[in-house]
Amino acid sequence: MSTLFPELFRNALPPGIEQAKNIVSAEEEADLIRRINGAALEPFRFQQWLGKRLTHSFGWRYDFTDASLSEAGPLPDWLLPLRERAAALAGMAPDALVQALVTRYDPGAGIGWHRDRPVFEHVVGVSLGAPAVLRLRRRRADGRFDRAEIPLEPRGSYHLSGEARHGWEHSIAPMDASRWSVTFRSLAG
Ligand SMILES: O=C(O)CCC(=O)C(=O)O
Ligand SMILES: [Fe+2]
């Protein structure tokens with residue numbers, strides 16, 4: 001028993017995570033992937049670094065190089081039904097999710113440890129393509145990390161809010177197969 005309990009605590013998910021499976025059909029998934037590939041994707045940029053993942057922002061764009069938020073073009077019609085379902089998971093009005101970030105991760109691309117920028121509040125992600133794992137960590141007073149993992153099944157969605165959103169960092173390890181995501185966010189305050 002004494003060896004079992006640390007395992008259970010390590011796997012406990014922080015509060016503020018909700019997930020829904022199969023919010024899009026396989027046919028809708030293929031269409032969304034086609035639309036994302038057709039968006040003006042650019043390598044994620046941070047100062048002199050170019051990330052391997054490709055992104056495009058709708059609604060609002062956060063520039064990591066100068067930490068500014070600016071208006072971007074409106075959400076396209078093809079994202080609106082998806083936003084409705086993402087909002088339903090979060091119990092929010094669809095038009096509160098004012099930003100949509102579309103991302104394509106080709107083999108070898110991932111996303112490093114981070115918290116989403118505090119200009120945003122709620123985060124609702126939709127996963128397409130290869131399955132992935134969203135890793136979570138939080139530094140403890142003793143310097144070690146509490147860790148948790150959220151499996152991200154294709155065609156499913158996840159909502160990060162509260163402690164999971166603000167108190168923990170998340171990342172996705174580079175993968176062997178392509179994955180696409182749509183991340184809807186509300187603005188803080
Ligand atoms: O691809 C995802 O589902 C997560 C992306 C992410 O964490 C972010 O863009 O902040
Ligand atoms: Fe994130």
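- The name given to the protein chain in an unreviewed UniProt entry is Alkylated DNA repair dioxygenase AlkB, and the organism recorded there is Sphingomonas kyeonggiensis.

What to know about the sheet that holds strand S10 (residues 145-152)
Link 1 in the chain: Across the sheet, four strands lie side by side as S7-S12-S9-S10; this open sheet has antiparallel pairing. Looking along the sheet, the strands with just one partner apiece sit at the ends: strand S7 (111-114) and S10. Across the sheet, the mean angle separating the axes of adjacent strands is 20° when strand polarity is ignored.
Link 2 in the chain: Summarising the sheet, strand S9 (residues 132-139) and strand S12 (residues 169-172) pair through three bridges and their orientation is antiparallel. Along S12, the bridge assignment pairs Leu-136 with His-170.

Quick notes on the UniProt feature "domain: Fe2OG dioxygenase" (unreviewed entry) in the protein chain
Link 1 in the chain: Listed under "domain: Fe2OG dioxygenase" (unreviewed entry) in the UniProt record, and renumbered for this structure, are residues 96-188.
Link 2 in the chain: Along residues 96-188 the backbone is 5% helical and 58% strand, and the end-to-end C-alpha distance reaches 10 Å.

Some thoughts on the coordination of the iron ion (ligand 2)
Link 1 in the chain: Coordination of the iron ion (ligand 2) by the protein involves His-114 (NE2), Asp-116 (OD) and His-170 (NE2), with metal-donor separations of 2.0 to 2.1 Å.
Link 2 in the chain: Of note, the iron ion (ligand 2) draws all its donor residues from one chain, in the sequence arrangement H-x1-D-x53-H. One end of the pair, Asp-116, is in the loop between S7 and strand S8 (120-129); the other, His-170, is in strand S12, and 54 residues separate them in sequence.
Link 3 in the chain: A relative accessible area of 6% means that Asp-116 is categorised as buried.
Link 4 in the chain: Residue class for His-170 comes out buried when judged on its relative accessible area of 8%.

Observations concerning the nonpolar core
Link 1 in the chain: By size, the foremost hydrophobic cluster in this structure holds 26 residues, and its most contacted members are Leu-79, Leu-82, Val-102 and Phe-184.
Link 2 in the chain: With five residues, helix H3 (residues 80-90) is the largest single contributor of residues to this core.
Link 3 in the chain: Counting 18 residues, the second-largest nonpolar core is a separate cluster that includes Ala-109, Ala-132, Leu-134 and Tyr-158.

Some words on the pattern of salt bridges
Link 1 in the chain: Taken as a whole and judged by the stated rule, the model has 12 salt bridges.
Link 2 in the chain: Arg-35 is the partner of Asp-31 in a salt bridge, and the nearest nitrogen-oxygen pair spans 3.8 Å. With a gap of four residues between them, Asp-31 and Arg-35 both fall in helix H2 (residues 26-38), about one helical turn apart.
Link 3 in the chain: Residue class for Asp-31 comes out partly exposed when judged on its relative accessible area of 30%.
Link 4 in the chain: The partner of Asp-142 in a salt bridge is Arg-140, with the nearest N and O atoms 3.2 Å apart.

Rules of the game
Within every chain, residues take consecutive numbers counted from 1 along the sequence as written. Naming scheme: in the order in which they are written, chains are lettered from A and ligands are numbered from 1. Local features in a predicted model are, by the rule used here, given only for residues with pLDDT of at least 70; side-chain atom pairs are given and counted only at 80 or more, and totals for whole chains, interfaces and linings are based on all residues. Water and hydrogen atoms were dropped before computing side-chain values, which therefore reflect all heavy atoms in the structure. When DSSP finds at least two bridges between two strands, those strands are taken to pair. Comment: elements are numbered from the N terminus, with helices defined as DSSP H or I runs of at least four residues and strands as E runs of at least two. Axis definition: a line fitted to C-alpha atoms, limited for helices to the stretch in contact. Angles are taken between N-to-C directions and run from 0 to 180 degrees. UniProt positions are given in the numbering used here, feature names are shortened, and annotations may be inferred rather than shown by experiment. Any N, O or S atom lying within 2.8 Å of the metal counts as a donor, and for Na, K and Ca the limit rises to 3.2 Å; water is left out, so some sites can look incomplete. Throughout this description, buried means an accessible area under 20% of the type-specific maximum (1.4 Å probe, protein chains only), exposed means over 50%, and partly exposed covers the range between. To qualify as a nonpolar core, a set must consist of buried Ala, Val, Leu, Ile, Met, Phe, Trp, Tyr and Cys residues joined through side-chain atoms within 4.5 Å. Every case where a carboxyl oxygen of Asp or Glu lies within 4 Å of a side-chain nitrogen of Lys or Arg is listed as a salt bridge.

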